[in-house]
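Structural overview for review
Below, each chain spelled out in residue letters.
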Amino acid sequence: MSRRKLRPEEKELWQKVTHSATPLPQALRRAAEPVKPTVRPKVEPEIMDLPKAFGIGAKANIAGPSVSKPQTASQPKPIMDTKTYGKMRRGRLAPEGRIDLHGMTLDQAHPALTRFILTSYSRGFRLVLVITGKGQRDDPHDPIPRQRGVLKRQVPMWLRMAPLNTAVMDVSEAHIRHGGGGAYYVYLRRTLRS
C-alpha cells in the first residue's frame, strides 16, 4: 500500500506545528519510546508416559455390574413413545394446561410450578405447557456480563427433582407455536387410579 503525498497546505500546517512544539525532556523521551517486546524462547513441555504414571491399561480386579454403553449426546432418547414424542415436538399436541412464570422471581416461581404440576398430574393431564420466557436481552453497553434467563435454566432442573420427578415423564422445549425457546412441554406420567 503506497502512502499519498502531502498537499502544500498540509505541509505548511505541519511546519507550523513542528516549530511551535517544544521537545520533551530526556527522561520523558525514553518513557515515550515504544517498548520492544522481548521474545521468550519456546520451551517444550516435558512429556511423561501417562499410561505408566497412572496405571492405565492395568487389569482391574473389580467385581460389579457391567456398565452399558452411554447414549450419544446429540439427541437424547425420549422416555415417552416415539409417535407421541414426534407429535409433541412438531407442536401437533395441544397442551391441556399452561402456567406463565415469566416475570416471577425464583421464590415465587418454584412453589407455583410445584402446585401446577402436581395439580395437573392429579387431574390426569398428560401434556402441560410451562412458559418461562427467554430472559432479558443482553445489554451491549453493560460492562459486566450477566446471566440471563434464570427461570429458563432453573425450571428443567426443578422438574427433574423431587417431588416433581415422580409426576414428570419428559421435558422438552416447546414448538414455536407454543412459545419456542421461552416455554417447555412437560409430559406427565399416567395417574394410577384405584
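Source: prediction; values computed, not measured. (Residues numbered from 1 in each chain as written. Predicted model: local features only at pLDDT ≥ 70, side-chain atom pairs only at ≥ 80, totals over all residues. Heavy atoms only, no water.)

**Focus on the overall build of the protein chain**
The secondary structure content of the protein chain amounts to six helices and four strands. Starting at the N terminus and ending at the C terminus, the protein chain contains elements arranged as α-α-α-α-β-α-β-α-β-β. Burial statistics for the protein chain: of 194 residues in total, 25% are counted as buried. In the form shown here, the protein chain has an accessible surface area of approximately 16200 Å², with 57% of it arising from carbon and sulfur atoms. (Helix = DSSP H or I, 4+ residues; strand = E, 2+ residues; numbered from the N terminus. Buried < 20%, exposed > 50% of the residue type's maximum accessible area, 1.4 Å probe, protein only. Areas by Shrake-Rupley, 256 points an atom, 1.4 Å probe, with all protein chains shown as cover.)

**Observations concerning the packing of helix α5 (residues 106-123) against helix α6 (residues 150-159)**
For the pair α5 and α6, interaxial distance at closest approach is 11 Å and the crossing angle is 40°. By the criterion of interaxial angle, the relationship of α5 to α6 is oblique. The interaxial crossing formed by α5 with α6 has right-handed handedness. Together, L106, A109, H110, L113 and I117 of α5 and V150, L151, Q154, V155, W158 and L159 of α6 make up the contact between the two elements. Residue classes in the contact of α5 with α6 are distributed as nine nonpolar, two polar and no charged. (Axes fitted to C-alpha atoms, helices over the stretch in contact; angles between N-to-C directions. Parallel < 35°, antiparallel > 145°, perpendicular 65-115°, else oblique. Left-handed = near helix turned anticlockwise from the far one by under 90°. Contact = heavy atoms within 4.5 Å. Nonpolar A, V, L, I, M, F, W, Y, C, P; charged D, E, K, R; others polar.)

**What about the pattern of salt bridges?**
Taken as a whole and judged by the stated rule, the model has five salt bridges. A salt bridge links E10 to R4, with the nearest nitrogen and oxygen atoms 2.9 Å apart. For E10, the salt bridge goes to R7, with nearest N and O atoms at 3.1 Å. Relative accessible area serves as the criterion here: at 44%, R7 is assigned to the partly exposed category. Sharing partners across several salt bridges, the network here consists of R4, R7, E9 and E10. (Salt bridge = Lys/Arg side-chain N within 4 Å of Asp/Glu carboxyl O.)

**Here's the deal with the confidence of the model for the protein chain**
Looking at the protein chain as a whole, the pLDDT averages 74, with 62% of positions reaching at least 70. Mean pLDDT across the elements of the protein chain bottoms out in helix α3 (residues 50-54) (54) and peaks in α5 (92). Below pLDDT 50 for its whole length, residues 61-75 participates in two contacts with residues either more than four positions away or in separate chains. (pLDDT = per-residue confidence, 0-100.)

**Considering a nonpolar patch on the surface**
Judged by side-chain polarity, L13, W14 and V17 come together as a nonpolar surface patch covering roughly 330 Å² of accessible area. Along the chain, W14 turns up in helix α1 (residues 8-20). (Patch = residues over 30% accessible without salt bridge, like charges linked within 9 Å, V, L, I, M, F, W, Y side chains within 5 Å.)

**Quick word on the nonpolar core**
In terms of nonpolar packing, the biggest core is built from 20 residues, with L101, L113, I117, V130, V155, L159 and V186 touching the most fellow members. Going through the elements one at a time, α5, β2 (127-131), α6, β3 (168-173) and β4 (183-188) are the ones with two or more residues in this core. Looking at this core element by element, the count peaks at five residues for α5. Not counting the four nearest positions on each side in its chain, L113 is found in contact with I99, L101, V130, V155, W158, L159 and L164. Counting 10 residues, the second-largest nonpolar core is a separate cluster that includes Y85, L127, L129 and M169. (Core = buried A, V, L, I, M, F, W, Y, C linked by side-chain atoms within 4.5 Å.)

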